[in-house]
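The lines below spell out each chain.
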Amino acid sequence: MTPARGDHDARRSEVSEGVWRVLSSKGFEGLTLRAVAAELGASTGLLTHYFPNKRALLSHALEELDRRSLARPRRTAPVDGTPPPVGLARLRAALLDVLPLDEAAVAGNRIWVGSWDVALADPELAAAHAARYARSRVALTAHVADAQRLGELPAGADPAGLAAGAQAFVLGLVVQVLFAPAEFPAERQTALLDAYLAGLTG
């Protein structure tokens with residue numbers, strides 16, 4: 001490992017990269033202290049300074065997955081000075097960001113879905129996962145409310161309820177895509193989402 005022994009931040013960053021590489025190649029089932037140590041060419045004893053047990057390693061992996069998901073480019077962000085989309089277009093963009101429309105998004109979603117079993121087996125990890133999805137619903141609710149103010153969605157509908165339904169739709173579509181990718185190419189995923197949103201506008 002290249003960083004000086006006293007450079008804790010640099011070393012932790014390197015460890016996080018090792019965790020991510022193992023997670024990407026072996027999934028949560030193959031994520032162990034031994035596997036991360038082998039990936040880094042280090043001893044398991046060194047890793048215990050960061051992860052005293054398997055649960056701490058899993059918790060860090062979920063946090064790293066969340067961090068990388070939040071850091072990736074978003075369709076809702078402004079591009080080259082162009083203002084970000086608003087209203088229904090922003091809701092659509094946010095939902096498209098969830099779908100496995102390209103290889104990178106497929107890989108990320110495979111890891112996310114793989115994390116569900118790990119999280120469900122531990123109440124604290126499950127609560128952290130639930131909080132992540134709740135934060136997503138809060139953002140989606142704001143997009144729905146904007147679309148309602150613009151007259152693009154029915155004003156009388158509960159924005160939180162519409163957001164929860166939209167989140168459930170895209171997560172369900174993610175699972176279908178991962179199990180039957182040939183049946184759900186990017187074009188069909190987009191068409192299904194557009195049909196769903198068209199149903200909301202009615």
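A brief look at the structure comes next. Just so you know, these numbers come straight off a predicted model, no measurement behind them.

## Quick word on the overall build of the chain
Thought 1: Looking only at helices and strands, the chain has nine helices and zero strands in total.
Thought 2: Listing each helix as α and each strand as β along the chain from the N terminus yields α-α-α-α-α-α-α-α-α.
Thought 3: Taking the principal axes of the C-alpha coordinates as reference, the chain spans close to 60 × 35 × 35 Å.
Thought 4: Residue pairs in contact within the chain that sit at least 24 positions apart in sequence constitute 59% of those at least 6 positions apart.
Thought 5: Taking the 21 positively charged and 22 negatively charged side chains of the chain as two groups, their mean positions are separated by 4 Å.

## A closer look at helix α5 (residues 87-96)
Thought 1: Counting buried residues along α5, seven of its 10 residues qualify, which places the element largely inside the surrounding structure.
Thought 2: Among the residues of α5, those classed as buried are Gly87, Leu88, Leu91, Ala93, Ala94, Leu95 and Leu96.
Thought 3: Summarising the contacts, the buried residues of α5 are in contact with α7 (123-149), α8 (159-179) and α9 (186-201).

## Focus on α7
Thought 1: Over its 27 residues, α7 runs 38 Å from end to end, which matches the ideal 39 Å to within 8%, given 1.5 Å per residue.
Thought 2: When we look at burial in α7, the residues that qualify are Leu125, His129, Arg132, Leu140, His143, Val144, Ala145, Ala147 and Gln148.
Thought 3: Residues of α7 that are buried make contact with α4 (54-71), α5, α6 (103-120) and α8.

## Points about the pattern of salt bridges
Thought 1: Here the structure, examined in full by the defined rule, presents six salt bridges.
Thought 2: A single salt-bridge network, built from bridges that share partners, covers Arg55, Asp122 and Glu124.

## Remarks on the packing of aromatic side chains
Thought 1: Under the definition given, this model contains three aromatic pairs.
Thought 2: Ring geometry for Tyr50 against Phe51: centres 6.4 Å apart, planes inclined by 50°, an arrangement best described as tilted. With respect to burial, Tyr50 and Phe51 carry one shared label: buried.
Thought 3: Between Phe169 and Tyr196 the ring centres are 4.4 Å apart and the planes differ by 15°, which places this aromatic pair in the stacked class. With Phe169 in helix α8 and Tyr196 in helix α9, the pair connects residues that are 27 residues apart, well separated along the chain.
Thought 4: The exposure class assigned to Phe169 is partly exposed, which follows from its relative accessible area of 24%.

## Examining the packing of α7 against α8
Thought 1: Between α7 and α8, whose axes approach to 8 Å, the crossing angle comes to 120°. Between α7 and α8, the interaxial angle falls into the category oblique. When you trace α7 past α8, the crossing you get is right-handed. Contacts between α7 and α8 involve Tyr133, Ser136, Arg137, Leu140, Thr141, Val144, Ala145 and Gln148 from the first element and Pro159, Ala160, Leu162, Ala163, Ala164, Gln167 and Leu171 from the second.
Thought 2: Tallied by class, residues from the contact of α7 with α8 come to 10 nonpolar, four polar and one charged.

What counts, and at which threshold
Residues numbered from 1 in each chain as written. Predicted model: local features only at pLDDT ≥ 70, side-chain atom pairs only at ≥ 80, totals over all residues. Heavy atoms only, no water. Helix = DSSP H or I, 4+ residues; strand = E, 2+ residues; numbered from the N terminus. Contact = heavy atoms within 4.5 Å. Lys, Arg positive; Asp, Glu negative; His and termini not counted. Charge placed at Lys NZ, Arg CZ, Asp CG, Glu CD. Buried < 20%, exposed > 50% of the residue type's maximum accessible area, 1.4 Å probe, protein only. Expected span 1.5 Å × (residues − 1). Salt bridge = Lys/Arg side-chain N within 4 Å of Asp/Glu carboxyl O. Phe/Tyr/Trp six-rings, centres within 6.5 Å; stacked < 30°, edge-to-face > 60°. Axes fitted to C-alpha atoms, helices over the stretch in contact; angles between N-to-C directions. Parallel < 35°, antiparallel > 145°, perpendicular 65-115°, else oblique. Left-handed = near helix turned anticlockwise from the far one by under 90°. Nonpolar A, V, L, I, M, F, W, Y, C, P; charged D, E, K, R; others polar.

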